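Remarks on the overall topology
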Amino acid sequence: MNIAGLRSRQGYRHRCLATIVAGLSIAWTCAGSAVAAEHGAGQPPSIRFGILPIGSAAESLEQWRPLLDDLRKRLQLPVTTVSVGSYASLSDAIGAQRVDIAFLSGKLAVEAVTRQHMQVFAQFVRSDGAKGNVATLVVRADSPIRNLDELLSTPGSGWRYARSEHLSVTGYVAPEAYVFAPRGLNSDTFFGSVRVGDHQSNLLAVVNREVDVASSNNPDMDLFRRNFPGEAGQLRVIWHSPLIPSGVLVVRDGIPRSLRQKLTAFLLGYGKAAGEAGVRERANLARIPDLGGFAPEDNRVLEPFVDMQYTLLRQQAEHGQWVTPQARQARLAQIEADHRRAVRQLQPR
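This write-up is about the structure you can find in this document. The shown structure was predicted, so the numbers you read here are calculated from the model rather than taken from an experiment. (Residues numbered from 1 in each chain as written. Predicted model: local features only at pLDDT ≥ 70, side-chain atom pairs only at ≥ 80, totals over all residues. Heavy atoms only, no water.)

**Some thoughts on the pattern of salt bridges**
The full count for this structure, using the stated rule, is 19 salt bridges. Residues D100 and R252 are paired through a salt bridge, measuring 2.8 Å at the closest nitrogen-oxygen approach. With D100 in the loop between helix 3 (87-95) and strand 3 (101-104) and R252 in strand 12 (residues 248-252), this pair connects stretches of sequence that are 152 residues apart. Taking relative accessible area as the criterion, D100 reaches 3% and is therefore assigned buried. Of the charged contacts in the structure, one is a salt bridge between D142 and R140, with a shortest N-O distance of 2.9 Å. For R140, a relative accessible area of 12% puts it in the buried group. Within this structure, R48, D100 and R252 form a network of salt bridges that share partners. (Salt bridge = Lys/Arg side-chain N within 4 Å of Asp/Glu carboxyl O. Helix = DSSP H or I, 4+ residues; strand = E, 2+ residues; numbered from the N terminus. Buried < 20%, exposed > 50% of the residue type's maximum accessible area, 1.4 Å probe, protein only.)

**A few points about the packing of helix 4 (residues 106-115) against helix 13 (residues 303-319)**
For the pair helix 4 and helix 13, the least separation of the axes is 9 Å and the interaxial angle reads 105°. Looking at the two axes, helix 4 sits roughly perpendicular to helix 13. On helix 13, the residues that touch G106, K107 and V110 of helix 4 are F305, V306 and Q309. Residue composition of the contact of helix 4 with helix 13, grouped by class: three nonpolar, two polar and one charged. (Axes fitted to C-alpha atoms, helices over the stretch in contact; angles between N-to-C directions. Parallel < 35°, antiparallel > 145°, perpendicular 65-115°, else oblique. Contact = heavy atoms within 4.5 Å. Nonpolar A, V, L, I, M, F, W, Y, C, P; charged D, E, K, R; others polar.)

Here is the structure:
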């Protein structure tokens, strides 16, 4: 199938999902008015749940909907969603305090904890029990780029690259930190052209020969195989990162203590019930790519992301061109100070 056909198929599905999402949002908002009246003026009107997009925003929301519907029933509060198309948009919503609880990847979670008054309370556990994912670099199966060495041995060759935004750990930070920066390279200047998009669109771009290489990760590769099994067979992974800690759930500092306890208890226990209830909950979890459940955690689980960012920035500074040695040294000193401050901010309060 060509790219127009694939995108048409995706567009139809996303329009359908958007219609469903709109209906759910109206229903939950109407429910909020009734619940607020019942519990009094002091009761929060809703829980606002931020969803980091895997695939499209509408697709991610549809994956989470059954779990969030169960959360609404348990709390007897409406659960509204903040489902966005980019990492930056979700970060902006958190910074504006329009989000009470959110699913975030590492770098976005570090920003939320150190700058936006959020706290980690849980980490994703994969369906195989692992608490981490791997970043990947992907080419077509018939690509002349057969391995990472062949990719890196031809700088300025005109290879075309598709990556994610700077806030994406697997889509940007990990490939930069582990592949390019240690060799004194920057992907934005190494490749002949660079396009920025979500993981699913980037993989489609590889299949359709619009780019030569794309960054991705194992959950998004699994989702791509489910959505486009034939096209997924045309892809080949040429690089895997070390294991990167999974995404986390964060909660806003200002949430009332009793409500926070109910939220965390529900999510940490979700999928662990016995009997039919547990079976149903685990089926709901399985709708979210590669999710098996949640494990209790705190801010310290984010230290590997702080260290990865520190490594990347230090390598870029060491390999960069500077007007004077003093300017280079000042930048390195600032990176060290920022790293120490971030690590301190992740310690238990």
